[in-house]
Amino acid sequence: MELLPTPFRALVIGSSGTIGAAFMDLLKANPSCSEVIGIHRHSEFPIDYQNVDSIETCAIALSKAGPFQLIINTIGVLHSANWMPEKKLDDLNPDQLQTLMQINAIGPGLTIKHFSKLLDPAGSVMVTLSAKVGSIEDNRLGGWYSYRASKAALNMLIKTAAIELARTKPHNALIAL
């Protein structure tokens, strides 16, 4: 069973970043992809996880362009110019923890909420990039407190939403990549 119909239309969230731009290039080169739209902080319909209202506003603006058979969310952050991943508990600080939760968990969770409405009910896939370091079971090295916690929260949001979508939209798949 194929996950995507042929042809399919795609939306890449976070298309100005390195990973998002790579997905844009791959989809543009894919003959089965009839159209790909990219959005980011400075696109026509901006999305910025530091402004959670922009998530719903962007989804509403793009609803006229839907439905999409593939939505890929590549937005995430590991570090900034001001801080790197924490190596020890003493490095944990509230600003870094809150920022990573906002960008890596809350923003993507709200994106699933608002953008899943743009999925084609006949069959589509929504992919959110996560990270293996968000696995509680696989954490053998410690460190990276804020990043690990934010990705673990994201993984739970995706898992929980996937269970609901399996009941309410059985031809849609929600995937953590």
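Residues numbered from 1 in each chain as written. Predicted model: local features only at pLDDT ≥ 70, side-chain atom pairs only at ≥ 80, totals over all residues. Heavy atoms only, no water.

Student: Explanation requested: helix α2 (residues 53–62) in the structure shown.
Tutor: Note on helix geometry: an α-helix contains 3.6 residues per turn, so any two residues three or four positions apart are oriented the same way. Of all the residues in α2, the buried ones are Ser-54, Ile-55, Cys-58, Ala-59 and Leu-62. Mapping the buried residues of α2 onto a view down its axis gives an arc of 130 degrees, with all of them on the same face. For α2, the exposed residues lying more than 90 degrees away from the buried face are Asp-53, Thr-57 and Ile-60. Tucked into the core, α2 has its buried residues touching β1 (8–13), β2 (33–39) and α3 (94–115). (Buried < 20%, exposed > 50% of the residue type's maximum accessible area, 1.4 Å probe, protein only. Helix = DSSP H or I, 4+ residues; strand = E, 2+ residues; numbered from the N terminus. Arc of directions from axis to C-beta. Contact = heavy atoms within 4.5 Å.)

Student: It is not clear to me how the packing of α3 against helix α4 (residues 145–168) should be interpreted in this structure. Could you clarify?
Tutor: Angle between the axes and distance between the axes: these two values describe a pair of packed helices. Running from N to C, α3 and α4 cross one another at 15 degrees; their axes reach a closest spacing of 8 Å. Considered as vectors, α3 and α4 are oriented roughly parallel to each other. Crossing handedness for the pair α3 and α4: right-handed. Counted together, Gln-96, Leu-97, Leu-100, Met-101, Asn-104, Ala-105, Pro-108, Gly-109 and Ile-112 of α3 and Ser-146, Tyr-147, Ala-149, Ser-150, Lys-151, Ala-153, Leu-154, Leu-157, Ile-158 and Ala-161 of α4 form the full contact between these two elements. For the contact of α3 with α4, a count of residues per class yields 13 nonpolar, 5 polar and 1 charged. (Axes fitted to C-alpha atoms, helices over the stretch in contact; angles between N-to-C directions. Parallel < 35°, antiparallel > 145°, perpendicular 65-115°, else oblique. Left-handed = near helix turned anticlockwise from the far one by under 90°. Nonpolar A, V, L, I, M, F, W, Y, C, P; charged D, E, K, R; others polar.)

Student: Would you take a moment to explain the packing of aromatic side chains for this structure?
Tutor: For any two aromatic rings, the description comes down to two numbers: the centre-to-centre distance and the angle of the planes. Per the counting criterion, the structure on display carries 1 aromatic pair. Both rings, one in Trp-144 and one in Tyr-147, keep their centres 5.9 Å apart while their planes meet at 75 degrees; by these two values the pair is edge-to-face. For Trp-144, a relative accessible area of 34% translates into the label partly exposed. For Tyr-147, a relative accessible area of 13% corresponds to the buried category. (Phe/Tyr/Trp six-rings, centres within 6.5 Å; stacked < 30°, edge-to-face > 60°.)

Student: How do you make sense of the pairing of strand β3 (residues 70–73) when you look at a structure like this?
Tutor: When a strand is regular, its side chains alternate between the sheet's two faces. Alternating positions in β3 separate into two faces, Leu-70 and Ile-72 on one and Ile-71 and Asn-73 on the other, with burial throughout. Of the pairings in the sheet, the one linking β1 to β3 comprises 4 bridges and is parallel in character. Bridging across to β3, Ile-13 finds its partner in Asn-73. Remark: the β3/α3/strand β4 (residues 124–128) crossover connection has right-handed handedness. (Pairing = 2+ DSSP bridges. Right-handed = clockwise from strand over helix to strand, strands pointing away.)

Student: Is there a simple way to think about the pairing of β1 in this case?
Tutor: The buried fraction of β1 amounts to 6 of the 6 residues, a majority that puts the element mostly inside the structure. Where burial is concerned, the two faces of β1 agree: the one with Phe-8, Ala-10 and Val-12 and the one with Arg-9, Leu-11 and Ile-13 are both buried. Looking at chain direction, β1 and β2 are connected through 6 bridges and run parallel. Within β2, the residue paired with Leu-11 across the bridge is Ile-37.

Student: Please explain the nonpolar core as it appears in this structure.
Tutor: Nonpolar side chains tend to gather and get buried jointly when the protein is soluble and globular. With 29 residues, the main nonpolar core has Leu-11, Ile-13, Ile-39, Ile-47, Ile-71 and Phe-115 as its most contacted residues. When contributions to this core are tallied by element, the ones reaching two or more residues are β1, β2, α2, α3 and α4. Sorting elements by how many residues they give to this core places α4 first, with 5 residues. Apart from the residues lying within four places of it in its own chain, the contact partners of Ile-47 are Ile-13, Ile-39, His-40, Arg-41, Ser-54, Ile-55, Cys-58, Ile-75, Thr-111 and Phe-115. Among the nonpolar cores identified, the runner-up in size contains 12 residues, and Phe-8, Met-24, Val-127 and Leu-129 belong to it. (Core = buried A, V, L, I, M, F, W, Y, C linked by side-chain atoms within 4.5 Å.)

Student: Even after reading the chapter, I still don't get the packing of α2 against α3, so can you show me in this structure?
Tutor: Where α2 meets α3, the closest approach of the two axes is 9 Å, and the angle between their N-to-C directions is 30 degrees. Here α2 is positioned roughly parallel relative to α3, judged by the angle of their axes. With respect to the hand of their crossing, α2 and α3 are arranged in right-handed fashion. Here Ile-55, Glu-56, Cys-58, Ala-59 and Leu-62 of α2 come into contact with α3, specifically with Gly-107, Leu-110, Thr-111, His-114 and Phe-115. Tallied by class, residues from the contact of α2 with α3 come to 6 nonpolar, 3 polar and 1 charged.

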